[in-house]
Amino acid sequence: AAGRAHDGEARRIAAIEAWGAAAPARFRGIFAGAWTDGDDLVVFRDHLGLAPLFHRESADGFVAATEGKQVAAGAGIAREPDVEAVEAMFFGRFDARGTMLRGISRFPRASTATVGPDGRVAFKRYWDPEPLLETASITLPEAQEHLATLLDRAVARSLTGEDAISLSG
């Protein structure tokens, strides 16, 4: 599986070299990452926002990491709970970009953030699913068959052959 992961990494690097900031739109699956050309830093997150990625943007700079506590450490801020965010979660008003840690945000899905040499951050959404919505008229059995095929493909793409599945309840 290690060789397979390395191959995937090499393909992503080649995609970034070929397409630059447009590369994440061509990736599939669950991913988050960053690259630099020596001047700009580009940070990105998968289409559905399934990969964990958090950030903080302040006058002191931009910090991004896969855990909120890593962002707090990198930004040099205290790990304090955001009481308002916790309260909003319990009352169903939670913002998709909010986190339980004060001063730290969830990186937006299907987006890149480019941090320039001057420290300015520009977020850009790279994927809009609207044009992909189906408009065809198909029967329920046809839809069920097509969905089963797509699910099989998605599962095959996600498994390595050394996976374990735990069922409960």
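Just above sits the structure.
Definitions and cut-offs
Residues numbered from 1 in each chain as written. Predicted model: local features only at pLDDT ≥ 70, side-chain atom pairs only at ≥ 80, totals over all residues. Heavy atoms only, no water. Salt bridge = Lys/Arg side-chain N within 4 Å of Asp/Glu carboxyl O. Buried < 20%, exposed > 50% of the residue type's maximum accessible area, 1.4 Å probe, protein only. Phe/Tyr/Trp six-rings, centres within 6.5 Å; stacked < 30°, edge-to-face > 60°. Helix = DSSP H or I, 4+ residues; strand = E, 2+ residues; numbered from the N terminus. Lys NZ or Arg CZ within 6 Å of the ring centre and 35° of its normal. Pairing = 2+ DSSP bridges. Axes fitted to C-alpha atoms, helices over the stretch in contact; angles between N-to-C directions. Patch = residues over 30% accessible without salt bridge, like charges linked within 9 Å, V, L, I, M, F, W, Y side chains within 5 Å. Areas by Shrake-Rupley, 256 points an atom, 1.4 Å probe, with all protein chains shown as cover.

Participant: Go over the pattern of salt bridges, please, and point to the residues and values.
Facilitator: A full pass over the atoms with the stated rule returns four salt bridges. Here glutamate 67 and lysine 69 are joined by a salt bridge, their closest N and O atoms 3.6 Å apart. Glutamate 67 gets classed as partly exposed once you look at its relative accessible area, which sits at 35%. Judged by relative accessible area, which is 43%, lysine 69 ranks as partly exposed.

Participant: Explain the packing of aromatic side chains to me, and be specific about the residues and the numbers.
Facilitator: Taken as a whole and assessed by the stated rule, the structure comprises six aromatic pairs. Centroid distance phenylalanine 27 to phenylalanine 31: 5.3 Å. Interplanar angle 85 degrees. Geometry classified as edge-to-face. Judged by centre distance (5.4 Å) and plane angle (50 degrees), the rings of phenylalanine 107 and phenylalanine 123 are tilted. Taken together, the residues phenylalanine 107 in the loop between strand E5 (105-106) and strand E6 (111-115) and phenylalanine 123 in strand E7 (residues 121-125) connect sequence positions 16 residues apart. Here phenylalanine 107 falls in the buried class, since its relative accessible area comes to 1%. Feature note: the residues Phe27, Phe31, Trp35 and Phe44 constitute an aromatic cluster, connected by ring pairs. Positioned over the ring face of tryptophan 19 is arginine 26, at 3.9 Å from the centre of the ring.

Participant: Tell me about the pairing of strand E1 (residues 32-36), and name the residues and values.
Facilitator: Examined bridge by bridge, E1 and strand E2 (residues 41-45) share five bridges and lie antiparallel to one another. Bridged to alanine 34 within E2 is valine 43. Turn length for the E1-E2 hairpin, with the two strands adjacent in sequence and antiparallel, is four residues, and the turn residue glycine 38 shows positive phi of about 100 degrees.

Participant: Requested: an account of unusual backbone geometry, with residues and values cited.
Facilitator: Glycine aside, residues mostly have negative phi, and peptide bonds are mostly found in the trans state. For alanine 110, which is not a glycine, the phi torsion comes out positive at approximately 55 degrees. Along the chain, alanine 110 turns up in the loop between E5 and E6. A relative accessible area of 0% means that alanine 110 is categorised as buried.

Participant: Before we move on, could you go through the sheet that holds E6 and cite the residues and values that matter?
Facilitator: Read from one edge of the open sheet, four strands run E1-E2-E6-E7, paired in antiparallel fashion. Sheet topology places E1 and E7 at the edges, where each strand pairs with a single neighbour. Sheet twist, expressed as the average angle between the axes of neighbouring strands with direction ignored, equals 15 degrees.

Participant: Tell me about a nonpolar patch on the surface, and please be specific about residues and values.
Facilitator: On the surface, Ile30, Leu48 and Leu50 cluster together into a nonpolar patch covering about 330 Å² of accessible area. Inspection of the secondary structure puts leucine 50 in the loop between E2 and strand E3 (54-58). Exposure remark for leucine 50: the relative accessible area of 52% places this residue in the exposed category.

Participant: Describe the sheet that holds strand E4 (residues 61-65), naming the residues involved and giving the relevant values.
Facilitator: What the three strands build is an open sheet, ordered E4-E3-E5; its pairing is antiparallel. Each edge of the sheet is formed by a strand with only one pairing partner; in this case those strands are E4 and E5. Relative to E4, E3 runs antiparallel, the two sharing five bridges. Counterpart to glutamate 57 in the pairing with E4 is phenylalanine 62.

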